[in-house]
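# Structural overview for review
Residues per chain are reported as follows:
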Amino acid sequence: MLSRFLGAVAAMVVVVAASNVLVLYPFQVQLGGINLADLLTWGAFTFPFAFLITDLTNRYDGPRNARLVVLVGFLVGLALSFYLSFHPLPWNAGGASATTQRIALASAAAFVTGQLLDISIFSRLRAVRAWFLPPLVASLFGSLIDTTIFFTVAFAPFLAGIDALFGLQDGSLAFPAPFLGIGPEVPLWISLAAGDFMVKFLAALVLLAPYRALMGRLKPLPPLGSAAALR
């Protein structure tokens, strides 16, 4: 049990830290007439794995352990994110695209809120017979609140004061870009947020496959109502 808990925490830290860095990199792919860089960042492809980790922990070790994975992963991931904000990676030696303190704070707030919401919804749906409903519904709602909080705090211009607190230049993404790459021009952070959620929506569907595959490989949580089923 301890090894599985530590493995889940380690996986969560990797996902959070990687997503904090990759969210700074637009997905530079041209799809027909659509420039996906106006729509997506690489972070959109890594963060959904956090919900897979949380949901598997919740299902087999209970919501209390799932919350512990989230909180411990949050603390370590936050520390690593702040470290990266002061020590840019080698390919970011100039610091122009380094993880900033504002992004680290945005990630922390979004991560904790989204994951705790996911755990709450999953727990309420645990008794549903359809195995796919708890992880799917919980991940979608968790992703929605995570995306909203992260992109608002990290890139909305009305919160530029966060950068000023750390003596940094305004890192807001307020310049115009086509909405979802094809619509009318909107602030880039809004287009990125919409694209990010679309990817998370698709990821929630795709990640049902590994969730289902692992269902029979992990020791199940004792039935609800038993003394061992901690809440």
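Each remark here, short or long, concerns the structure printed above.
## Description of the side chain of Thr 147
Here Thr 147 shows up in helix α5 (residues 133–155). Of note is the side chain of Thr 147, whose polar atom sits 3.0 Å from the side chain of Lys 200. Those residues in contact with Thr 147 that sit more than four places away from it in its chain are Ala 193, Asp 196, Phe 197 and Lys 200.

## Side note on helix α1 (residues 2–22)
Here α1 spans 30 Å end to end across 21 residues, near enough to the 30 Å set by a 1.5 Å rise per residue. Those residues of α1 not exposed but buried are Ala 8, Val 9, Met 12, Val 13, Val 15, Val 16, Ala 17, Ser 19, Asn 20 and Val 21.

## Notes on a nonpolar patch on the surface
The grouping of Leu 105, Leu 165, Phe 166 and Leu 168 at the surface amounts to a nonpolar patch, some 360 Å² of accessible area in total. Relative to the helices and strands, Leu 165 resides in helix α6 (residues 161–165). Under the relative-accessibility criterion, Leu 165 is labelled exposed at 72%.

## So, the packing of aromatic side chains
Two aromatic rings are characterised by how far apart their centres lie and by the angle between their planes. Evaluated as defined, the whole model comprises 10 aromatic pairs. Their ring planes at 80° and their centres at 6.2 Å tell us that Phe 47 and Phe 111 sit as a pair that is edge-to-face. With a gap of 64 residues between them, Phe 47 in the loop between α2 (43–46) and α3 (48–86) and Phe 111 in helix α4 (residues 101–125) connect regions that are remote in the sequence. A relative accessible area of 1% places Phe 111 in the buried class.

## Here we look at the packing of α5 against helix α7 (residues 188–206)
Contact pair α5 / α7: the axes reach a minimum separation of 9 Å and the direction vectors enclose 160°. In terms of orientation, α5 lies roughly antiparallel with respect to α7. Seen along the crossing, α5 lies across α7 with a hand that is right-handed. Taken together, the residues of α7 that come into contact with α5 (itself represented by Leu 136, Ser 139, Leu 140, Ser 143, Leu 144, Asp 146, Thr 147, Phe 151, Thr 152 and Phe 155) are Trp 189, Leu 192, Ala 193, Asp 196, Phe 197, Lys 200, Phe 201, Ala 204 and Leu 205. Taken together, the residues of the contact of α5 with α7 sort by class into 12 nonpolar, four polar and three charged.

Definitions and cut-offs
Residues numbered from 1 in each chain as written. Predicted model: local features only at pLDDT ≥ 70, side-chain atom pairs only at ≥ 80, totals over all residues. Heavy atoms only, no water. Helix = DSSP H or I, 4+ residues; strand = E, 2+ residues; numbered from the N terminus. Polar contact = N/O pair within 3.5 Å; in protein donor to acceptor, adjacent residues only side chain to side chain. Contact = heavy atoms within 4.5 Å. Expected span 1.5 Å × (residues − 1). Buried < 20%, exposed > 50% of the residue type's maximum accessible area, 1.4 Å probe, protein only. Patch = residues over 30% accessible without salt bridge, like charges linked within 9 Å, V, L, I, M, F, W, Y side chains within 5 Å. Areas by Shrake-Rupley, 256 points an atom, 1.4 Å probe, with all protein chains shown as cover. Salt bridge = Lys/Arg side-chain N within 4 Å of Asp/Glu carboxyl O. Phe/Tyr/Trp six-rings, centres within 6.5 Å; stacked < 30°, edge-to-face > 60°. Axes fitted to C-alpha atoms, helices over the stretch in contact; angles between N-to-C directions. Parallel < 35°, antiparallel > 145°, perpendicular 65-115°, else oblique. Left-handed = near helix turned anticlockwise from the far one by under 90°. Nonpolar A, V, L, I, M, F, W, Y, C, P; charged D, E, K, R; others polar.

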